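Residues per chain are reported as follows:
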Amino acid sequence: MEAQDNRHLRLGASLYVPATRDDLLQIANREKLETVRSVIFCTEDAVRTDDVGQALANLENALPGMQTSPGLLRFVRVRNPHIMGRVLQMRGISRIDGFVLPKITATNLGGYLALISGHDGPFVIMPTLETAEAFDATEMRRLRDCMSDSAVRSRILALRIGGNDLFNLLGVRRSPSRTIYETGIGHTIAMLASTFKPHGFNLTAPVCEVIDHPEVLRREVRQDLDHGLFGKTAIHPSQVGVIEDQYAVEPEEVEMAARILRPDAPAVFRMHGAMCEPATHRKVAQAILERASLYGIVAGLPRCEDGLRAIPGSPLRQPIRTTPWMGATTPLEGWGTSSGDALPSASIMAQ
C-alpha cells in the first residue's frame, strides 16, 4: 500500500500568538496552554508596524530557551522575506519546526524558498493564500505549478487560507451567526480545495473570528471537513477544544475505515447503511484511522482491559472523548473567557 502523507493531521487547531507577548517561552515549552498541538508565533498582521522590533527581540530571546516538546509543533509567521532572513539568523532557530509564509503568490514564493534552501534546517513551510490572486483559478494553478517541484513540495506541510485578508479584499465582514461558507468566500474555498487537494496539497481552514459563538465554530469546522480541509487557525485558546472535538471520529466511521482497509475487503459492500468501495474510499479511510489515533473516538466501542477502546479490525486503541477538551475545566489565564471579558489587545490575531 502506498504511504500517505498525513503529517498535517498533527496540526489540529493552530493557535496564533503575537510575538509581542511576554510569555512566548512558556507557551513554546508547554508551561502554559499545555494541550495545544501547534502554535504560530506571529510577526505579521497580529503585530503593529512600530512593534515589529519588539516582536523580533522577544522571539530572539525566547528561541534559545525552547526545549524539545513532543506533541507540539512550533512555527513562526514571518512578515516578509527580509524579516525571514533575520529570523533565520537567530540563535536557536532550529528549535522551531517551520514557517508560515504570508500572502504567497507565484511571484513572491521564490524569494522565501531561496532563503530556506540556503539554511541547513529541515524546516517545513505553510504558504498562506490570502491575496487577490486567491480568487483567480488561473493564478492558483500557476502557483500550484511553482510548488510542484519535488524539492519544494517536500517542504510544504499544508497551505493555509487567510480568511480575514480575503474578506478585507471584498470589503466585507462576516455576520457572527454565519460560517465562512455562508459568505462570498465560500465558493473561493471550494475552488482552492479543488485546485490543490487533487494534486496532493493539504489545506488548512481559515480563522473563525467569532469567539463567543462556539456553535457557529462547531458548524464551520464540520463544513471545513466536508471541503477536505483539516487543521484550523485559532485566535483564542477557548477555540482550540471546540475545533479539535470536531476532529474526533464516530465509531461507525472507524469501523467502516478498518473494514475498507482490510486486505480481504470486498470490492463493494454495505456497512452502517452506506456503500463502501475500497478503490475510492481507501485514502479517506487511512486518514480516519489516523484522526482516531490523534483525536479519539466519540463514543460507543467496547472497553479493553487497559481501559481504552478497541477499534474493530485495527490495532489502534484510543480513549473515548467524553469530556470537553481533555477534561479542562479551568479558565485559560491571559485570555478572556466570557462575553463580558475584555480581551487584551495583543490576544486577537488578524489573519
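The written sequence of each chain sets the order in which its residues are numbered from 1. Local features in a predicted model are, by the rule used here, given only for residues with pLDDT of at least 70; side-chain atom pairs are given and counted only at 80 or more, and totals for whole chains, interfaces and linings are based on all residues. Neither water nor hydrogens contribute to the side-chain values; these are computed over all heavy atoms in the structure.

A closer look at the side chain of threonine 204
Then step 1. Each helix is a run of H or I in the DSSP string that is no shorter than four residues. Each strand is a run of E no shorter than two, and both are numbered from the N terminus. Among the secondary structure elements, threonine 204 is positioned in the loop between helix H8 (186-196) and helix H9 (214-226).
Then step 2. Any two residues whose heavy atoms approach within 4.5 Å are treated as being in contact. Sequence-distant contacts of threonine 204, defined by excluding residues within four places in its chain, comprise Leu11, Ala158, Leu159, Arg160, Ile161, Leu229, Phe230 and Gly231.

A few points about the packing of aromatic side chains
Then step 1. The rule is short: rings of Phe, Tyr and Trp, with Trp giving its six-membered ring, pair when the centres are within 6.5 Å, and they are stacked under 30 degrees, edge-to-face over 60, tilted in between. Throughout the structure, instances matching the rule amount to five aromatic pairs.
Then step 2. Through successive ring pairs, a cluster of aromatic residues spans Phe230, Tyr247 and Tyr295.
Then step 3. By definition, being over a ring means that NZ of Lys or CZ of Arg is both within 6 Å of the ring centre and within 35 degrees of the ring normal. The side chain of arginine 153 reaches across the aromatic face of phenylalanine 201, ending 4.4 Å from its centre.
Then step 4. Here arginine 259 stacks its cationic end above the ring of phenylalanine 269, 4.6 Å away from the centre of that ring.

So, the nonpolar core
Then step 1. Among the nonpolar cores identified, the biggest contains 74 residues, and Phe41, Val87, Phe99, Leu101, Leu143, Met147 and Phe196 are the most heavily contacted of them.
Then step 2. Beyond its immediate stretch of four places on either side in the chain, leucine 101 contacts Val78, Met84, Leu109, Tyr112, Ile125, Met126, Pro127 and Thr128.
Then step 3. Here, nonpolar core refers to any group of buried Ala, Val, Leu, Ile, Met, Phe, Trp, Tyr and Cys residues whose side-chain atoms link them within 4.5 Å. Think of it in three bands: with a 1.4 Å probe and only protein chains considered, a residue is buried below 20% of the maximum accessible area for its type, exposed above 50%, and partly exposed in between. Counting residues in hydrophobic clusters, the runner-up holds 15 residues, among them Val254, Phe269, Cys276 and Ala285.

What to know about H8
Then step 1. Among the 11 residues in H8, eight count as buried, and that is most of the element.
Then step 2. If you check which residues of H8 are buried, you get Gly186, Thr188, Ile189, Met191, Leu192, Ala193, Thr195 and Phe196.
Then step 3. On its buried face, H8 sits against strand S5 (124-129), helix H5 (137-147) and strand S6 (160-161).

Some points on the environment of arginine 141
Then step 1. For arginine 141, the position within the fold is in helix H5.
Then step 2. For the pair arginine 141 and threonine 195, spaced 54 residues apart in sequence, the C-alpha separation works out to 6.8 Å.

Let's talk about a nonpolar patch on the surface
Then step 1. A contiguous nonpolar patch, built from Phe135, Leu169, Leu170 and Val172 and spanning about 320 Å² of accessible area, is present on the exposed surface.
Then step 2. Positionally, leucine 170 belongs in helix H7 (residues 163-170). Note on patches: the residues involved have over 30% relative accessible area and no salt bridge, like charges join within 9 Å, and the nonpolar side chains Val, Leu, Ile, Met, Phe, Trp and Tyr join within 5 Å. Residue burial considers only the protein chains on display, and all accessible areas are found by Shrake-Rupley using a 1.4 Å probe. One side-chain nitrogen of Lys or Arg within 4 Å of one carboxyl oxygen of Asp or Glu is enough to make a salt bridge.

A look at the pattern of salt bridges
Side chains bearing opposite charge may pair, as long as their charged atoms lie close to each other.
Then step 1. Under the defined criterion, the tally for this structure stands at 17 salt bridges.
Then step 2. A salt bridge links glutamate 139 to arginine 142; its shortest N-O distance comes to 3.2 Å. Here the residue glutamate 139 and the residue arginine 142 both occupy positions in helix H5, the gap between them amounting to three residues, near one helical turn.
Then step 3. The class of glutamate 139 is partly exposed, set by a relative accessible area of 23%.
Then step 4. Judged by its relative accessible area of 41%, arginine 142 is partly exposed.
Then step 5. With its nearest N and O atoms 2.8 Å apart, the salt bridge here joins lysine 232 to glutamate 220.

A few points about the packing of helix H3 (residues 81-88) against helix H4 (residues 109-117)
Then step 1. Axis definition: a line fitted to C-alpha atoms, limited for helices to the stretch in contact. Angles are taken between N-to-C directions and run from 0 to 180 degrees. The geometry of H3 relative to H4 is characterised by a closest axis approach of 10 Å and an angle of 10° between their N-to-C directions. Judged by the angle between their axes, H3 and H4 are roughly parallel. For the pair H3 and H4, contact is made by Pro81, Met84, Gly85 and Leu88 and by Tyr112, Leu115 and Ile116, respectively.
Then step 2. The residue makeup of the contact of H3 with H4, split by class, is six nonpolar, one polar and no charged. With respect to orientation, any angle under 35 degrees is reported as roughly parallel, any angle over 145 as roughly antiparallel, any angle of 65 to 115 as roughly perpendicular, and every other angle as oblique. Put simply, Ala, Val, Leu, Ile, Met, Phe, Trp, Tyr, Cys and Pro go in the nonpolar bin, Asp, Glu, Lys and Arg in the charged bin, and everything else, Gly too, in the polar bin.

Let's talk about the packing of H9 against helix H10 (residues 237-245)
Then step 1. Two numbers describe how H9 lies on H10: the axes approach to 9 Å, and their chain directions differ by 45°. Classed by the angle they form, the pair H9 and H10 counts as oblique. As H9 packs across H10, the resulting crossing turns out to be right-handed. Taking contact as the criterion, the partners of Pro214, Leu217, Arg218 and Val221 in H9 are, on H10, Gln239, Val242 and Ile243.
Then step 2. Among the residues forming the contact of H9 with H10, the class breakdown is five nonpolar, one polar and one charged. Throughout, a crossing is termed right-handed when the near helix is turned clockwise from the far one, and left-handed when it is turned anticlockwise from it by less than a right angle.

A word on the confidence of the model for the protein
Then step 1. Counting all residues, the mean pLDDT for the protein is 86, and 84% of those residues have values of 70 or more.
Then step 2. Taken as a whole, residues 305-309 scores under 50 in pLDDT and shows 14 contacts with residues more than four places along the chain or in a different chain.
Then step 3. Residue range residues 314-351 is modelled with pLDDT below 50. Its contacts to residues more than four positions away, or to other chains, number 95 contacts. A score between 0 and 100, pLDDT records how confident the predictor is in each residue.

Observations regarding the sheet that holds S6
Sheets are built from strands paired through backbone hydrogen bonds, the pairs being either parallel or antiparallel.
Then step 1. When DSSP finds two or more bridges between a pair of strands, those strands are recorded as paired. Spatially, seven strands are ordered S6-S5-S4-S3-S2-S1-S7 in an open sheet, and the strand pairing comes out parallel. For this open sheet the edge positions go to S6 and strand S7 (232-234), each flanked by a neighbour on one side alone.
Then step 2. Relative to strand S4 (residues 98-101), strand S3 (residues 73-77) is paired through three bridges, and the arrangement is parallel. Bridging from a neighbouring strand, arginine 77 pairs with valine 100 of S4.

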